[in-house]
Structure formats: structure tokens, C-alpha cells
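# Observations on chain architecture
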Amino acid sequence: MELEQDIYALCQKLVETCAAKGLTVSTAESCTAGLVAAHIADVSGASACLKGGAVTYCDEAKQALLGVSPSTLQSFTAVSRQTALEMATGSRQVYASDIAVSATGYAGPGGGTEEDPAGTVYVGIASKRGHQAWRCSFAGDRQQVRLEAVRFALDQLLRESMELS
């Protein structure tokens, strides 16, 4: 319950900050399957800042909708810093948003690799200030990993919105 409350509080602050600054956001989600955008939309007034979101669960969707390079997917896989960056950049371009966030990972319990086991999620941010990605390791069951990824993604969106003018 505390995690859900944290997520809602982050969304409220994000919508408030973006509305006050006239900023827009978009999402590109794989393992979170639209949960980031859905949680933002739970806040009254979210339409002032949320431009849209793409659920790109498979590689073909990442390429077709977000412009993720086939060579990136082949060289680094769908669960990588490089893919997270390209997903966020693609979302920002598609939705013409000021800030875009992406999430791609292994929610578990299966999947993953030796380097990136289940619970590994890469979160990317793209804005006019540039782009950045983080590698996160979350514990718990599938739903817990996904919600932790949502919380982290929202926290990064909020931080970036506070930095932009």
C-alpha cells in the first residue's frame, strides 16, 4: 500500500510541476506495459501534461513505433541502457513532448541473463537537456518489480521536470 501511495504522490507532484511550467511528458514502456502513463492519468489535471504513451513490449514495436535501431537490439538486446535511451528519445519525438521516460526490463520470475537477471530494469529519460539511463535491480515478485520500476521512472520524470524551465 505504501508503494502505491508513493506512486500517487509522485504523480501529483509531477502533474503539478509540469502544469505550472507548461511542460509535457510522454512514455515508452515495455516491462511496465503502460503503468507509468496509467498512474499519471490517475491524477486529475493530467491532461495538461501527459501527451501519450507507447507500450512496446516486443522488439518489432520498439522499432516501428519508437525508431529503436535493429542494430541496437541485436548488439545490446531490448533490455539495455542503449535501448532505454532510444525508447525515450523516440517517445519524445513521436509525442513532441518536453520530457519522455522509458522502461525496459525483466520483471520475472523468468527471463533475464547472467548480467541482467530477473528484476533488472533500465529506465531512460530524454529532454532538451539530453538523455540519461539508469540500470536498476528490484527484488520481489513480478508485480513488485513492475511497480518499483514505475516509482523509479516517475521519480526521474519529476526530477527532470524540476530541472527544466
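Description of the structure in this document. (Residues numbered from 1 in each chain as written. Predicted model: local features only at pLDDT ≥ 70, side-chain atom pairs only at ≥ 80, totals over all residues. Heavy atoms only, no water.)

## Observations regarding the overall build of the protein chain
Across its full length, the protein chain carries 6 helices and 5 strands. Walking the protein chain from its N terminus toward its C terminus, one meets helices and strands in the order α-β-α-β-α-α-α-β-β-β-α. Taking 15 Å as the expected radius of gyration for a compact globule of 165 residues, we find that the protein chain reaches 15 Å, a close match to that expectation. Dimensions of the protein chain, computed from C-alpha atoms along their principal axes, come out at roughly 45 × 35 × 20 Å. Each of the 165 residues in the protein chain was classed as buried or not, and the buried ones make up 51%. For the protein chain, the exposed area adds up to about 7,500 Å²; of that, 50% sits on carbon and sulfur atoms. Treating the 13 positive side-chain charges of the protein chain as one cloud and the 18 negative ones as another, the clouds have centres 6 Å apart. (Helix = DSSP H or I, 4+ residues; strand = E, 2+ residues; numbered from the N terminus. Rg over C-alpha atoms; globule rule 2.2 N^0.38 Å. Buried < 20%, exposed > 50% of the residue type's maximum accessible area, 1.4 Å probe, protein only. Areas by Shrake-Rupley, 256 points an atom, 1.4 Å probe, with all protein chains shown as cover. Lys, Arg positive; Asp, Glu negative; His and termini not counted. Charge placed at Lys NZ, Arg CZ, Asp CG, Glu CD.)

## So, the nonpolar core
Counting residues in hydrophobic clusters, the biggest one holds 34 residues, and the most contacted among them are I40, V121, L154 and L157. If near-sequence neighbours (up to four positions away) are discounted, L154 is found in contact with I7, L10, C11, L14, V36 and I40. (Core = buried A, V, L, I, M, F, W, Y, C linked by side-chain atoms within 4.5 Å. Contact = heavy atoms within 4.5 Å.)

## Remarks on the pattern of salt bridges
Throughout the structure, instances matching the rule amount to 7 salt bridges. In this structure, the salt-bridge partner of R159 is D155, at a minimum N-O distance of 2.8 Å. Of this pair, R159 and D155 both sit in helix 6 (residues 142–163), 4 residues apart, which is roughly one turn of that helix. A cluster of three or more residues bridged by salt bridges with shared partners is formed by D6, E148 and R151. (Salt bridge = Lys/Arg side-chain N within 4 Å of Asp/Glu carboxyl O.)

## Observations regarding the packing of aromatic side chains
The full count for this structure, using the stated rule, is 1 aromatic pair. Arranged with centres 5.9 Å apart and planes meeting at 75°, the rings of W134 and F152 form a pair that is edge-to-face. Taken together, the residues W134 in strand 5 (residues 130–137) and F152 in helix 6 connect sequence positions 18 residues apart. The partly exposed category is assigned to F152, whose relative accessible area is 22%. (Phe/Tyr/Trp six-rings, centres within 6.5 Å; stacked < 30°, edge-to-face > 60°.)

## A short note on the pairing of strand 1 (residues 25–29)
Among the 5 residues that make up strand 1, 5 are buried, leaving the element largely enclosed by the rest of the structure. Neither face of strand 1 is exposed, since V25, T27 and E29 on one face and S26 and A28 on the opposite face are all buried. In terms of strand pairing, strand 1 meets strand 2 (residues 50–55) through 5 bridges, oriented parallel. Residue T27 lies in a different strand from strand 2, and its bridge partner there is G53. With respect to chirality, the unit in which strand 1 leads through helix 2 (residues 35–41) into the neighbouring parallel strand 2 is right-handed. (Pairing = 2+ DSSP bridges. Right-handed = clockwise from strand over helix to strand, strands pointing away.)

## Observations regarding the packing of helix 1 (residues 2–21) against helix 6
The N-to-C vectors of helix 1 and helix 6 enclose an angle of 25°; their axes lie 9 Å apart at closest approach. Considering their axes alone, helix 1 and helix 6 lie roughly parallel with respect to each other. The handedness of the crossing between helix 1 and helix 6 is left-handed. For the pair helix 1 and helix 6, contact is made by L3, E4, D6, I7, L10, C11, K13, L14, T17, C18 and K21 and by Q144, L147, E148, V150, R151, L154, D155, L157, L158, S161, M162 and E163, respectively. (Axes fitted to C-alpha atoms, helices over the stretch in contact; angles between N-to-C directions. Parallel < 35°, antiparallel > 145°, perpendicular 65-115°, else oblique. Left-handed = near helix turned anticlockwise from the far one by under 90°.)

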